[in-house]
Amino acid sequence: MDHQPKIALFPGTFDPLTLGHLNIIDRVSRLFDEVIVLVAVNTSKKHLFNVDERIRLIHENIKDYNNVRIDTLTDGLVATYYQQHHASTIVRGVRNSTDFDYEFTIASGNARQGKDIETMILYAADEYRFLSSSLIKEIAYFKGDIHDMVPENVRIAMEQKFK
Ligand code: ADP
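Keep in mind that this is a model prediction, so the values were computed, not measured.

Peer 1: Hey, could you go over the nonpolar core for me, with residue numbers and the actual values?
Peer 2: Note that soluble globular proteins tend to have their nonpolar side chains buried in a common cluster. Residues Ile25, Val28 and Met158 are the most contacted members of the largest nonpolar core, which totals 33 residues. Here this core gets 5 residues from one element, more than from any other, and that element is helix H1 (residues 19-31). When near neighbours in sequence (up to four residues on either side) are disregarded, Val28 contacts Ala8, Val35, Val91 and Leu122. Membership of the second largest hydrophobic core comes to 12 residues, among which are Ile7, Ile36, Val78 and Tyr81.

Set out below in structure tokens:
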């Protein structure tokens, strides 16, 4: 038995944080000693919110968890960060079979970077399985109602962006 704290990494773009992401964070925080929400900085995806904005929006929603923190992945692979920080697993959420195939590929890629790199999948909660950041951006752009899709601070920030 080793008594190292069990650290879960939850990597993603979080552009922006949704109630689906928050549900995963909440569930993972009950399973691990520590959760690091790892915000990807350099991806090919075009962002609505810059990294500081995304971090602020996440921070306001996780500040009451004493075992959840945020970090940024500025350069390099999740696998490298994992090894440097002695993580126990990567956590990803799966909503449907498209996510499943995608996540399987990513997990295989990560496992090839090191045999110790584990990926754990949590199924999306029923009420959030149709939520994605991109869908929410689309709805917000056309001034639709997103109040049961994102935390309140994200809703306000999106209304500002699309004013
Ligand atoms: P990425 O660009 O890495 O896919 P996202 O920020 O879109 O990053 O998502 C991060 C993780 O959260 C992914 O594993 C994704 O499948 C998961 N996720 C996204 N939306 C939901 C949701 N509504 N319920 C559960 N998991 C979700």
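Peer 1: Tell me about helix H5 (residues 133-141), and please be specific about residues and values.
Peer 2: An α-helical turn contains 3.6 residues, so a residue and the one three or four places further along point in the same direction. Buried within H5 we find Ser133, Ile136, Lys137 and Ala140. Angularly, the buried residues of H5 cover 105° about the axis, an arc narrow enough to put them on a single face. If you follow the buried residues of H5, they end up packed against H1 and helix H6 (152-161). One or two positions beyond H5, positive phi appears at Lys143, with a value near 65°.

Peer 1: Describe in detail the pattern of salt bridges, supporting the description with residues and values.
Peer 2: If you walk through the whole model with that rule in mind, you get 9 salt bridges. The salt bridge involving Asp26 is made with Arg30; its shortest N-O contact spans 2.9 Å. Placement of both Asp26 and Arg30 in helix H1 is noted, with a separation of 4 residues, approximately one turn of the helix. For Asp26, a relative accessible area of 19% translates into the label buried. Taking the relative accessible area as the measure of exposure, Arg30 reaches 62% and is therefore exposed. With a shortest N-O distance of 3.2 Å, Arg155 and Glu159 are connected by a salt bridge. Residue Arg155 and its partner Glu159 are both found in helix H6; the two are separated by 4 residues, about one turn of the helix.

Cut-offs and rules
- Residues numbered from 1 in each chain as written.
- Predicted model: local features only at pLDDT ≥ 70, side-chain atom pairs only at ≥ 80, totals over all residues.
- Heavy atoms only, no water.
- Core = buried A, V, L, I, M, F, W, Y, C linked by side-chain atoms within 4.5 Å.
- Buried < 20%, exposed > 50% of the residue type's maximum accessible area, 1.4 Å probe, protein only.
- Helix = DSSP H or I, 4+ residues; strand = E, 2+ residues; numbered from the N terminus.
- Contact = heavy atoms within 4.5 Å.
- Arc of directions from axis to C-beta.
- Salt bridge = Lys/Arg side-chain N within 4 Å of Asp/Glu carboxyl O.

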